[in-house]
Amino acid sequence: NLTILCVDELGEIYGGARAADINRDIVLNISSGKYRKVFGGNNISGKINGTITVNVDETGCHPIVIGELYGGGNQARYEAPEGKESPVVNVISCTSIGTVFGGGYGEGALVVGSPYVHIDMVEGDWSNRIKPNTTDHPWDNKLGSIGTVFGGGNAANVEGGTNVNIGTKKDIKRTNGEELPVQGVNIKGNVYGGGNQADVTGKTHVQVGPTPTTN
């Protein structure tokens, strides 16, 4: 369980190991800082004998700015435990994220499993300190921005199905335990159920907005 609190800037961060095994679940909590890439899985190689969960929630002492966010690894294969949803990426609040991937990066980062990307956003702790840009959508002053979302990987295949859920929840529990109503989502680019130049062997599922209630 790796929790990133008051961090200003790092190049890359991994929930897993570098060419080594992890024998239990991985939980990576990002609450502060600027990163070029964030990976829930391993770097280069190694086996993870558990699930991967990445939570992004801006509750720290610096804004969260991420170039690329991955549920999987960097050139490292990941196989989820049978019957488990994994990797899981939860974006709750931030200042900006360039691209979100449910899978990994690079040909060696095959994910065997069911990646999930959940984006249900509230204001981060730094949102009210950002200088307003009146030419953009008013939500830019309240919710962090996300560029493009992929359910799969970046040049990394998924052997299984992918799931992307955007603004599907009514309320969200933050990493600090606070429960708040979901305010919306601010995605400036495209949303893909599959990957970026990467195959998905199973079904892709994308849901935007909550499921309508029936009387």
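The coordinates are above.
In this text the structure is predicted, and so the values were computed from the model without any measurement.

Q: Could you give me a rundown of the pairing of strand E5 (residues 52–56), with the residues and numbers involved?
A: In terms of burial, E5 is largely enclosed, as 4 of its 5 residues are buried. As judged from the 5 bridges shared by strand E3 (residues 26–30) and E5, these two strands associate in the parallel manner. Pairing of Ile26 across the sheet is with Ile52, part of E5.

Q: Now, about the pattern of salt bridges: what can you tell me, with residues and values included?
A: Here the structure, examined in full by the defined rule, presents 5 salt bridges. When the shortest N-O distance is used, the salt bridge between Arg174 and Asp57 registers 2.8 Å. With a gap of 117 residues between them, Arg174 in the loop between strand E15 (171–173) and strand E16 (179–181) and Asp57 in the loop between E5 and strand E6 (64–70) connect regions that are remote in the sequence. Between Glu79 and Arg77 there is a salt bridge, with the nearest N and O atoms lying 3.4 Å from each other. Residue Arg77 is classed as partly exposed on the basis of its relative accessible area, which comes to 44%. Overlapping salt bridges bring together Asp57, Asp125, Arg174 and Glu178 as one network.

Q: Just give me the short version of the environment of Asp171, but keep the residues and values in it.
A: If you trace the backbone, Asp171 turns up in strand E15. By relative accessible area, Asp171 is classed as partly exposed at 34%. Between the C-alpha atom of Asp171 and that of Pro181, which follows or precedes it by 10 residues, the distance is 4.2 Å. Residue contacts for Asp171: discarding those within four places in its chain leaves Glu179, Leu180, Pro181 and Val182.

Q: Any details on the side chain of Thr51? Residues and values, ideally.
A: Of note, Thr51 is situated in the loop between strand E4 (33–39) and E5. The exposure class assigned to Thr51 is buried, which follows from its relative accessible area of 15%. Beyond its immediate sequence surroundings of up to four residues, Thr51 is in contact with Asp25, Ile26, Tyr78, Pro81, Lys84 and Ser86.

Q: Mind laying out a nonpolar patch on the surface, listing which residues take part and the relevant values?
A: Judged by side-chain polarity, Val191, Val206 and Val208 come together as a nonpolar surface patch covering roughly 230 Å² of accessible area. Mapped onto the secondary structure, Val206 falls in strand E18 (residues 204–208). For Val206, a relative accessible area of 39% corresponds to the partly exposed category.

What counts and what doesn't
Position numbers for residues count from 1 along each chain, tracking the sequence in the order it is written. Side-chain atom pairs in this predicted model are given and counted only at pLDDT of 80 or more, local residue features only at pLDDT of at least 70, and totals for whole chains, interfaces and linings cover all residues. Heavy atoms throughout the structure, all of them, feed into the side-chain values; hydrogens and water do not. Partly exposed describes any residue whose relative accessible area lies between the buried limit of under 20% and the exposed limit of over 50%, with all areas from a 1.4 Å probe on protein chains only and scaled to the type maximum. Here a helix means four or more residues in a row that DSSP labels H or I, a strand means two or more in a row labelled E, and each is numbered from the N terminus. One requirement defines pairing of two strands: DSSP has to find at least two bridges between them. One side-chain nitrogen of Lys or Arg within 4 Å of one carboxyl oxygen of Asp or Glu is enough to make a salt bridge. Whether two residues are in contact is decided by their heavy atoms, any of which lying within 4.5 Å being enough. Only residues above 30% relative accessible area that lack a salt bridge enter a patch, with like-charged residues linked at up to 9 Å and the nonpolar side chains Val, Leu, Ile, Met, Phe, Trp and Tyr linked at up to 5 Å. To measure how exposed things are, a 1.4 Å probe is used in the Shrake-Rupley method; for residues, cover is taken only from the protein chains shown.

So yeah, pure geometry; function would need other evidence.
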